[in-house]
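Letter by letter, the chains look like this.
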Amino acid sequence: MQALVLEQSEGKIVATVKPLTDDQLPAGEVVVDIDWSSLNYKDALAITGKSKIIRNFPMVPGIDFAGKVYYSEDPRFHSGQEVLLTGWGVGENHWGGLAERARVKADWLVPMPVGLDGRKAMIIGTAGLTAMLCVMALEEGGITPDCGEIVVTGASGGVGSTAVALLSTLGYQVVAVSGRESTHGYLRQLGATEILPRSAFNSDVRPLEKQRWAGAIDTVGAGVLASVLAQMNYSGVVAACGLAGGLTLPTTVMPFILRNVRLQGVDSVSTPTPCRIEAWKRLIKVLPETFYQQVPHEVPLSEVAESAMKLLNNDITGRTLVKIR
Ligand code: NDP
C-alpha cells in the first residue's frame, strides 16, 4: 500500500509518498481500504509543520477518510462494509487517512450513512461535520431563522462554505465574511445574501458595537472573533470552532455581561458517537444535491503536500478531496 508519510529531518518535516506493509500499521480492530480522504486545515498544518500537530514520527496524516472494511475483529463491522472516520486523533497520533489502508479502533468508525457514498462523505469531511455541529450549537441556543442575520467568518474555506450552504438551506439569512473578492460568486452560489470584507472585522474593536447578528459561526478567531462578539444582538449565540486568523481572543466581558451573548466552543475531534450520527443524518437531509456538484478540488496522494501549502496560503476555495484509489 502507498501512504503519505511524514518524517522529521533536521527539525523540518519531510512528506513523501512511499510504500508501507500491513504489518507496519498501528494496532486496531478494523482494517479499512481507503477510497477517499480530504485535506483539512489541521492536515495542512501537520504536513507543512507550520504547527506542532504531530509529536511522534513517522506519521501518516489525514484526519478523515472513507472506504471499505477489509478485515474486522469487531462484530459491528464486516468486510466490504462502507465506513467513514473523522477525528479521534487519527492523522495526529494514530496513522491516518492519507494512505491506501488504515487500521483503526472500531469505536472510531461510523457506518456509511444511507444517502452518502465515500466521495460525498469526504466532500463534507471533518470540515462539513464541524459546520453542522456549529449550526446545531446555534439551534441549541435558540437561534431560529426569524431571529435575524447569521454571520459566517472564513466563509470560503471548508468549514465556512459548508456552514453557508447549511444555513441558507435551513432558511437563515447568511452574511459571509471573506478576505478574497474572488470568492464572492462562489459564496452567493452557496446562498450568502451579503458578503463583507475580512478587513471590516479586523479594525480596533470597541467592547460593544452596533448590534447586528443573531448568530455567528466563526472559523477565524483572534480580532475577527472579537469584532463579531462586539456586534452580537442581545442574547445572540456565537459558535467558535477555528483559529485560521490566530489563537488569541482580544475581547472584553462586555458582550457577555451586558448583552447576554453566548460563546459556544465547538470541537469535532472527540464528539460522542450519538451526536456524530445525528450530525451526519442532518447533513444528508439538509445539504442540497447542488452542494456536491460544486466541484471541489480533487487531488491524488502525490499532490497533497503541494495543496497543503496552497491551503495555508489562503489559495484554495472550498474543500479539497483526495482520491486515494
Ligand atoms: P480552510 O483553510 O479551508 O478555511 C479557512 C478560511 O479562513 C480561509 O478560506 C479564509 O477564508 C480564512 N482565513 C485564512 N487565513 C486567514 C487569516 N490569516 N485571517 C483571517 N481569515 C483567514 O480551513 P477549514 O475550513 O478546514 O478550517 C477552518 C478553521 O476551523 C481552522 O482553524 C481549523 O483548524 C478549524 N477547525 C476546527 C475544527 C474543530 O473541531 N474545532 C474542525 C475543523 C476545522 P476567506 O478567504 O473567505 O476569508
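Just so it is clear, the model here is predicted, and its values are computed rather than measured.

**Things to note about the site of the ligand**
Item 1. Taken together, 25 residues lie around the ligand, and Ser 156, Val 159, Ser 178, Gly 179 and Ser 268 are the ones closest in.
Item 2. Separating an oxygen atom of the ligand from a side-chain N or O atom of Arg 198 is a distance of 2.9 Å.
Item 3. Contributing elements (two or more residues each) for the shell around the ligand: α2 (118-140) and α3 (158-169).
Item 4. When the residues that make up the shell around the ligand are grouped by side-chain class, the tally is nine nonpolar, 13 polar and three charged.

**Some thoughts on the sheet that holds strand β8 (residues 150-153)**
Item 1. If you walk across this open sheet you meet the six strands as β10-β9-β8-β11-β12-β13, and the pairing is parallel. The sheet is open, and its two borders are formed by β10 (194-197) and β13 (262-265), each paired with just one other strand. Within this sheet the neighbouring strands show an average axis-to-axis angle of 20°, counted without direction.
Item 2. Here strand β9 (residues 174-178) runs beside β10; their pairing, made up of four bridges, is parallel. Opposite Val 177, over in β10, you have Leu 196 as the bridge partner.
Item 3. Packing of α3 onto the sheet brings it into contact with β8, β9 and β11 (213-218), and relative to β8 it is tilted by some 160°.

Criteria and cut-off values
- Residues numbered from 1 in each chain as written.
- Predicted model: local features only at pLDDT ≥ 70, side-chain atom pairs only at ≥ 80, totals over all residues.
- Heavy atoms only, no water.
- Near = heavy atom within 4 Å.
- Polar contact = N/O pair within 3.5 Å; in protein donor to acceptor, adjacent residues only side chain to side chain.
- Helix = DSSP H or I, 4+ residues; strand = E, 2+ residues; numbered from the N terminus.
- Nonpolar A, V, L, I, M, F, W, Y, C, P; charged D, E, K, R; others polar.
- Pairing = 2+ DSSP bridges.
- Axes fitted to C-alpha atoms, helices over the stretch in contact; angles between N-to-C directions.
- Contact = heavy atoms within 4.5 Å.

That's the geometry; what it means functionally is another story.
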